[in-house]
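One letter stands for each residue in the lines below.
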Amino acid sequence: MNKILFFVTMTIVSCQISTSKPKLTMTNDQLVEAMIELYTAKAAANLSNVEYRDSLMDLYYVQIAKKMGKPVQEIESNFNELLKVPDSLVMIQNRAMDTIREWQNLRLSGGKKTVTDTLVNKDVPK
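So, a few notes on the structure that sits alongside this text. (Residues numbered from 1 in each chain as written. Predicted model: local features only at pLDDT ≥ 70, side-chain atom pairs only at ≥ 80, totals over all residues. Heavy atoms only, no water.)

Further remarks concern the overall build of the protein chain. Secondary structure assignment for the protein chain yields 5 helices and 0 strands. Secondary structure elements of the protein chain occur, N-terminal to C-terminal, as α-α-α-α-α. Considering the protein chain as a whole, with its 126 residues, one finds that 25% of them fall into the buried category. The contacts of the protein chain with a sequence gap of at least 6 include a subset with a gap of at least 24, amounting to 62%. (Helix = DSSP H or I, 4+ residues; strand = E, 2+ residues; numbered from the N terminus. Buried < 20%, exposed > 50% of the residue type's maximum accessible area, 1.4 Å probe, protein only. Contact = heavy atoms within 4.5 Å.)

Encoded structure:
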């Protein structure tokens with residue numbers, strides 16, 4: 001009897017576990033672009049004096065938000081939501097890194113395209 005009660009309880013509990021999708025307000029392309037900007041800002045901040053890094057990153061976040069046309073809180077919220085779905089996060093990170101590598105190759109070869117012109121695996125327009 002205890003086994004049946006345990007099985008029923010576990011079934012009820014497992015049905016109540018939420019499998020909802022993350023609430024993302026940005027497209028994959030926007031997330032990739034924001035991640036590229038964050039990687040770039042982090043690299044630039046690491047080149048600066050240690051005493052100024054935190055305040056410098058705050059300024060970079062504001063600049064990234066202006067460039068993206070989104071509030072800093074919305075960008076942070078989207079990245080926090082992405083943490084809930086590791087597969088999607090890895091996909092976004094891989095696209096960002098592939099785009100950065102492509103951008104570096106273009107710059108080294110004298111190409112004129114910008115990072116956003118060369119987003120790897122861009123979303124298909126709907």
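Now that the structure has been shown, the text picks up again.
This paragraph deals with the pattern of salt bridges. One pass over the structure, following the stated rule, counts 5 salt bridges. Note that D29 and R95 form a salt bridge whose closest N and O atoms lie 2.5 Å from each other. Taken together, the positions of D29 in helix α2 (residues 28–46) and R95 in helix α5 (residues 86–108) put the pair 66 residues apart, joining distant regions of the chain. Using a relative accessible area of 5% as the deciding quantity, one classes R95 as buried. The salt bridge partner of E81 is K84, with a shortest N-O separation of 3.0 Å. E81 sits in the buried class, given a relative accessible area of 15%. (Salt bridge = Lys/Arg side-chain N within 4 Å of Asp/Glu carboxyl O.)

Okay, the layout of surface pockets next. Here the largest pocket defines a volume of roughly 370 Å³. Lining the largest pocket we find 15 residues, and of these M35, L38, Y61, I75 and F79 sit closest to its centre. The set of elements that each furnish at least two residues to the lining of the largest pocket consists of α2, α3 (53–68), α4 (72–82) and α5. It is α4 that contributes the most residues to the lining of the largest pocket, 5 residues altogether. For the lining of the largest pocket, the per-class residue count stands at 11 nonpolar, 2 polar and 2 charged. (1 Å grid on protein atoms, 1.4 Å probe; cavity = no way out; pocket = protein on both sides within 12 Å on 5 of 7 lines; lining within 4 Å. Points joined across faces, edges and corners; volume = space filled by probe spheres on them. Nonpolar A, V, L, I, M, F, W, Y, C, P; charged D, E, K, R; others polar.)

We now examine the side chain of E81. With respect to the secondary-structure elements, E81 resides in helix α4. Each residue touching E81, except ones within four places of it in the same chain, is listed here: P22, K23 and L24.

Quick look at the packing of α2 against α5 now. The description of two helices packed together rests on the angle between their axes and the distance between the axes. Axis separation between α2 and α5 bottoms out at 9 Å; the angle between their running directions is 60°. Put simply, α2 runs oblique to α5. As α2 runs across α5, the sense of the crossing is right-handed. Residues N28, D29, L31, V32, M35, I36 and Y39 of α2 lie in contact with α5, whose contacting residues are L89, M91, I92, Q93, R95, A96, M97, T99 and I100. (Axes fitted to C-alpha atoms, helices over the stretch in contact; angles between N-to-C directions. Parallel < 35°, antiparallel > 145°, perpendicular 65-115°, else oblique. Left-handed = near helix turned anticlockwise from the far one by under 90°.)

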